[in-house]
Amino acid sequence: MTGRPLIGVSTYLEAGARWGVWELEAALLPAGYPRLVQRAGGLAAMLPPDAPEHAAATVTRLDGLVIAGGPDVEPVRYGAEPGPRTGRPTRVRDAWELALIDAALAAGVPLLGICRGMQLLNVALGGTLVQHIDGHAEVPGVFGRHPVKPVPGTLYAGTVPEEASVPTFHHQAVDRLGAGLVASAYAADGTVEAVELPAGHGWVLGVQWHPEMGEDLRVMRALVAAASGS
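Read on for an overview of the structure. Remember, predicted model here, so these are calculated numbers, not experimental data. As a convention, each chain's residues are numbered from 1 in the sequence order in which they are written. Two thresholds apply to this predicted model, a pLDDT of at least 70 for residue-level local features and 80 or more for giving and counting side-chain atom pairs, whereas whole-chain, interface and lining totals are computed over all residues. The basis for the side-chain values is all heavy atoms of the structure; hydrogens and waters are excluded.

**Looking at the layout of surface pockets**
- A 1.4 Å probe that fits into a set of points on a 1 Å grid over the protein atoms alone but cannot get out defines a cavity; an open set with protein on both sides within 12 Å along at least five of seven lines defines a pocket, and lining residues are those with an atom within 4 Å of a point. Grid points are joined across faces, edges and corners, and a volume is the space filled by probe spheres set on the points. Put simply, the largest pocket is a space of about 810 Å³.
- For the largest pocket, the lining is made up of 30 residues, of which Tyr12, Gly69, Gly70, Pro71 and Arg93 are closest to its centre.
- Of all the elements in the fold, those that place two or more residues in the lining of the largest pocket are strand S2 (12–19), helix H1 (32–39), helix H3 (91–107) and helix H4 (116–124).
- At 4 residues, S2 tops the list of elements feeding residues into the lining of the largest pocket. A run of H or I in DSSP counts as a helix once it spans at least four residues, and a run of E counts as a strand once it spans at least two, with each numbered from the N terminus.

In structure tokens, the structure reads:
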């Protein structure tokens, strides 16, 4: 490939977005996501929710895919009843992003899941989630930080070999791993902080934290390099 690879980033619909004199439904994505793609050497394309049957055609146009963070995955997707702390369902987004993940896995397109995106990757492969944990989202609307430790020999450890402090905001986490996934980083309390498919299954990584809110470009640079075929 010549030039910068095209990296699609999933977005979400928000009914009451306001800007200037307008208040309309909008396809939203925090600016940190496209900026991170751009800083890492890729071209960023925003992917608003669409009919799931269009996911495969969308993915074929991309060199890499990012499933962004956001609200809780509806528990029915992993065979559970919603807990008292679980947010309201976003069914259109769940269906679209699950279809994007399935299409990327089938096509071998490099895939990075961020926070919700990592959880959705786990669910797409048959895994389950813990619906509430404490200590990873202390103040509403404010990102915290905590260290994560890589598992030696994994894709993530090859990208970030040392224990690193990461920006974090989540109240759910991976419980049972999906088929084929391995845990590749942990928090000090044992929470799974990264998952991936082993070598030979393409470049597939999920991280529980928010690299778009920090200065460390290594995870996104690794995705961009995989999308470039390098």
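**Details of the sheet that holds strand S9 (residues 164–168)**
- Two strands are said to pair when DSSP picks up at least two bridges between them. In spatial order, the strands read S4-S1-S5-S6-S13-S12-S11-S8-S9; together these 9 strands make up an open sheet with mixed pairing. Pairing within the sheet leaves two strands with one partner each, and these edge strands are strand S4 (43–47) and S9. The sheet shows a mean angle of 25° between the axes of neighbouring strands, direction not considered.
- In this structure, strand S8 (residues 144–150) lies alongside S9, joined through 5 bridges in antiparallel fashion. Axis lines are fitted to C-alpha atoms, over the contacting stretch for helices. Their N-to-C directions set the angle, which ranges from 0 to 180 degrees.

**Remarks on H4**
- Only protein chains enter the accessibility calculation, which uses a 1.4 Å probe; a residue is then buried when its area is under 20% of its type maximum, exposed when over 50%, and partly exposed in between. Most of H4 sits out of view: 8 of its 9 residues are buried.
- A positive backbone phi angle near 95° is found at Gly126, which sits one or two residues after H4.

**Observations regarding the environment of Pro5**
- Structurally, Pro5 is set in the segment before strand S1 (6–10).
- Note: C-alpha distance between Pro5 and Ala44 (39 residues apart in sequence) is 8.6 Å.
- Contact criterion: two residues are considered in contact whenever any of their non-hydrogen atoms come within 4.5 Å of each other. Those residues in contact with Pro5, other than ones at most four positions away along the chain, are Gly41, Gly42, Leu43, Asp63, Val224, Ala227 and Ser228.

**Looking at the packing of aromatic side chains**
- Pairing of aromatic rings covers Phe, Tyr and Trp, the last through its six-membered ring, and needs centres within 6.5 Å; plane angles under 30 degrees mean stacked, over 60 mean edge-to-face, and all others mean tilted. Throughout the structure, instances matching the rule amount to 1 aromatic pair.
- Both rings, one in Tyr156 and one in Trp209, keep their centres 5.4 Å apart while their planes meet at 65°; by these two values the pair is edge-to-face. Placement of Tyr156 in helix H5 (residues 155–159) and of Trp209 in the loop between strand S13 (204–207) and helix H6 (218–227) is noted, with a sequence separation of 53 residues between them.
- By relative accessible area, which is 3% here, Trp209 ends up buried.

Shape is all these values report; function is a separate question.
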